[in-house]
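Structural overview
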Amino acid sequence: MSEPTDLTEFRREKMQNIADMGRDPWGQRFDGRTPIADIRALPAAKFDDAGPSGPKVRAAGRVVRHRTGGKLHFLELWDQTGRVQLMARINKLSPEDWKLLECLDLGDIIGVDGEFGTTKTGEPTIQVEQLTFLTKSLEPHPKDVYGLGDMEYRLRHRYLDMIYTPDTLRRAQQRVKIIRTVRNYLDERGYLEVETPTLHAIAGGAAARPFETHHNALDIDLFLRIALELPLKRLLVGGLEKVYEIGRVFRNEGISPRHNPEFTMLELYEAYGDLFSIMDLTEGLIVACVDSLGGGRALPCVSRQCVPVVSMRTCSANTLAVPGDAEGVQAAAAAAGLRLELRDDKTGTVTTKEHDVLVHELFEHRVEPQLAKSDQPIFVYDYPAALCPLTKRKRENPALAERFELYVHGMELANAYTELNDPITQEATFRRQLVGMSEEDSMAKMDEDFIRALRYGMPPAGGLGIGMDRLVMLLTNTTSIRDVILFPLLRPEKA
RNA sequence: GAAGGCGUAGCUCAGCUGGUAGAGCAGCGGACUUUUAAUCCGCUGGUCGUGGGUUCGAUCCCCACCGCCUUCACCA
């Protein structure tokens, strides 16, 4: 990548010096080390050459600081659990190890054996007695005290970001905890985790542009999945009563602080449930995730009483003061600066937007910003049915769908339905969606097999989708999805 | 896809209506056995994102391109 500079030349020289001493610059197996966090938890007394010695420890890690002196060096050793100071005194080391010490650069990986204790100033420290060289770092490391400022640099050198931006590693570890908590929570309640295909012949289950690919042997075009929904519902037909999948989905759309082209989704289906049983589950699940990180429940996401359940209609009416009739909505939409017409760029056709679409746009433009101001998580329900093709309609009002979304700090965190299991209605909504769809979107073809599966009979069910990346963002208090995805998509560097 | 901002040493950043670049840290040499942003003395380090243009002269002004960031659009 970068051309050799003087800085790397010096490191190469030192690598050669190490090899000339008969040490391996690339190291060997190193058994019996203790994680630095565990070492720091040991009882530590002040070093005393005359008195009894402290516990002998072995640690391995990366040198992230060093303060050299004539016959006394201080270093800092870093591993994934933390940092600890090393003290190297010339009279405690063999002459060979002292020579090796003088070949160390920032970023080298070493193993140490020594006594654990504290220095004069009380700093927990390993007094090094034996030094094992494990890996030479040939690239100059950033000086960590100022941190890494440039986001592009951090993303293109994520490995350095993990070492020198403590939050990056911490969040990666918290992400693991959260996902494991979700699995445990669901497993304990009898949900089966399954894996369904990533390559789909028809990209269904959501309305997003898919990535396209091609299978050579079958000579067919395939799509990376945009949702997990349709295969999982087939499993409900097949008799699995509680299923979930945590998997990567791919959407060929814009990149933003809340969107990455590939992201991790939880989808879950529960036979004989509905959106309210799912609401309970969602709360329990998220609370379990909050608790898994320790640090208490900073978010008021504890019980149903604390979580307002807001109807989209009520919400719209309160915030916008419009009646539920079509004229009122149109007037409010116009006042909000929304376009009332829909133009198809390909055909040039101009059509009036449907009432339901306008309600939804009003919601997004006028109500969502209000939700963002709320400290409380909010379940929003009573979505216009036209916006929810996979959702069962309310029996008492078929214009509304049995769907809720959970908003936290204005971010859509979860999306749930009472699932539509009526194949006749399902086919009709699919057909309605496909009418007038542009050529570009025609890959969202009717999934005939899914309809067929419904005709065989899918039990009434509740379903849930949670964007895991956004959940991690929420629980780790970050505002960019790039902070919770270790390798977000970037344009490749030029050669 | 649109608008705005940014790109200077290994890292973090200065650089004044245009006179071919500075600091701290890192690095190199030296001193130092209790430092922890160690300190002290000396030194090195740059195709100022890339390519054009204007100008006697461009890091600075103009154009194009590349990359990142922010907002918007897309994302039922």
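All figures in this text were calculated on a predicted structure; none of them were measured in a lab.

1. Considerations on the pattern of salt bridges
The full count for this structure, using the stated rule, is 30 salt bridges. One salt bridge connects K136 with D105, and the closest N-O pair in it is separated by 2.8 Å. With a gap of 31 residues between them, K136 in the loop between β5 (124–135) and α4 (151–156) and D105 in the loop between α3 (95–101) and β4 (109–118) connect regions that are remote in the sequence. For D105, a relative accessible area of 9% gives the class buried. Of the charged contacts, one joins D382 and K394 as a salt bridge, the two residues approaching to 2.8 Å between their closest N and O atoms. Pair noted here: D382 is in strand β15 (residues 378–384) and K394 is in the loop between β15 and β16 (400–408), with a separation of 12 residues, a long-range link. K394 shares its class with D382; the two are buried. Each of K14, D105, D108 and K136 takes part in a single network of salt bridges with overlapping partners.

2. Examining the domain arrangement of chain A
Splitting chain A by domain gives domain 1 (5–145) and domain 2 (164–308 + 374–483). For domain 1 versus domain 2, the separation of C-alpha centres amounts to 48 Å.

3. Topic: the side chain of T282
As for its position among the elements, T282 is in helix α8 (residues 275–292). Among the residues examined, T282 registers a relative accessible area of 0% and is labelled buried. In this structure T282 touches F379, F404, L406, A414 and L464, once residues within four positions along its chain are discounted.

4. Some remarks on the packing of helix α6 (residues 166–188) against α8
At a minimum axis distance of 9 Å, the contact between α6 and α8 shows a crossing angle of 135°. By the angle between their directions, the pair α6 and α8 is classed as oblique. The two elements α6 and α8 cross, and the hand of that crossing is right-handed. Residue-level contacts link K177, I178, T181, V182, Y185 and L186 of α6 to L281, G284, L285, A288, C289 and S292 of α8. In the contact of α6 with α8, the residues fall into 8 nonpolar, 3 polar and 1 charged.

5. Structural notes on the nonpolar core
Inside soluble globular proteins, nonpolar side chains tend to come together where they are buried. V182, L186, L266, L268, I466, M468 and L471 are the most contacted members of the largest nonpolar core, which totals 38 residues. The leading source of residues in this core is α8, at 9 residues. Excluding residues within four positions of it along the chain, L268 makes contact with L186, Y191, V243, Y244, I278, L281, G462, G463 and L464. W98, L101, C103 and I126 belong to the second-largest nonpolar core, a separate cluster that totals 24 residues.

6. Section: the packing of α6 against helix α14 (residues 468–475)
Contact pair α6 / α14: the axes reach a minimum separation of 10 Å and the direction vectors enclose 120°. Here α6 is positioned oblique relative to α14, judged by the angle of their axes. Seen from above, α6 lies across α14 with right-handed handedness. Residues R175, I178, I179 and V182 of α6 touch α14, and the partners they reach there are M468, D469, L471, V472 and L475. Of the residues that constitute the contact of α6 with α14, the class distribution is 7 nonpolar, no polar and 2 charged.

7. Things to note about the packing of aromatic side chains
Taken as a whole and judged by the stated rule, the model has 2 aromatic pairs. Centre to centre, the rings of F379 and F404 are 4.9 Å apart; their planes meet at 85°, and the pair counts as edge-to-face. Of this pair, F379 sits in strand β15 while F404 sits in strand β16, placing them 25 residues apart in sequence. An identical accessibility class is assigned to F379 and F404; each is buried. Measuring from centroid to centroid gives 6.3 Å for F430 and F450, while their planes differ by 40°, and the two rings are tilted. Of this pair, F430 sits in helix α12 (residues 423–434) while F450 sits in helix α13 (residues 448–456), and the two are 20 residues apart along the sequence.

8. Description of the pairing of β4
Taking burial as the measure, the 10 residues of β4 include 9 buried ones, the bulk of the element. Direction of pairing for strand β1 (residues 56–67) relative to β4: antiparallel, over a ladder of 7 bridges. Paired with A60 across the strands is G111, a residue of β4. Strand direction decides the pairing type here: β4 and β5, joined by 10 bridges, are antiparallel. In the strand pairing of β5, D113 is matched with Q130. The hairpin formed by β4 and β5 contains 5 residues between the paired strands, and G122 there has a positive phi angle of roughly 90°.

Conventions used here
- Residues numbered from 1 in each chain as written.
- Chains lettered and ligands numbered in written order.
- Predicted model: local features only at pLDDT ≥ 70, side-chain atom pairs only at ≥ 80, totals over all residues.
- Heavy atoms only, no water.
- Salt bridge = Lys/Arg side-chain N within 4 Å of Asp/Glu carboxyl O.
- Helix = DSSP H or I, 4+ residues; strand = E, 2+ residues; numbered from the N terminus.
- Buried < 20%, exposed > 50% of the residue type's maximum accessible area, 1.4 Å probe, protein only.
- Domains from an automatic or database assignment.
- Contact = heavy atoms within 4.5 Å.
- Axes fitted to C-alpha atoms, helices over the stretch in contact; angles between N-to-C directions.
- Parallel < 35°, antiparallel > 145°, perpendicular 65-115°, else oblique.
- Left-handed = near helix turned anticlockwise from the far one by under 90°.
- Nonpolar A, V, L, I, M, F, W, Y, C, P; charged D, E, K, R; others polar.
- Core = buried A, V, L, I, M, F, W, Y, C linked by side-chain atoms within 4.5 Å.
- Phe/Tyr/Trp six-rings, centres within 6.5 Å; stacked < 30°, edge-to-face > 60°.
- Pairing = 2+ DSSP bridges.

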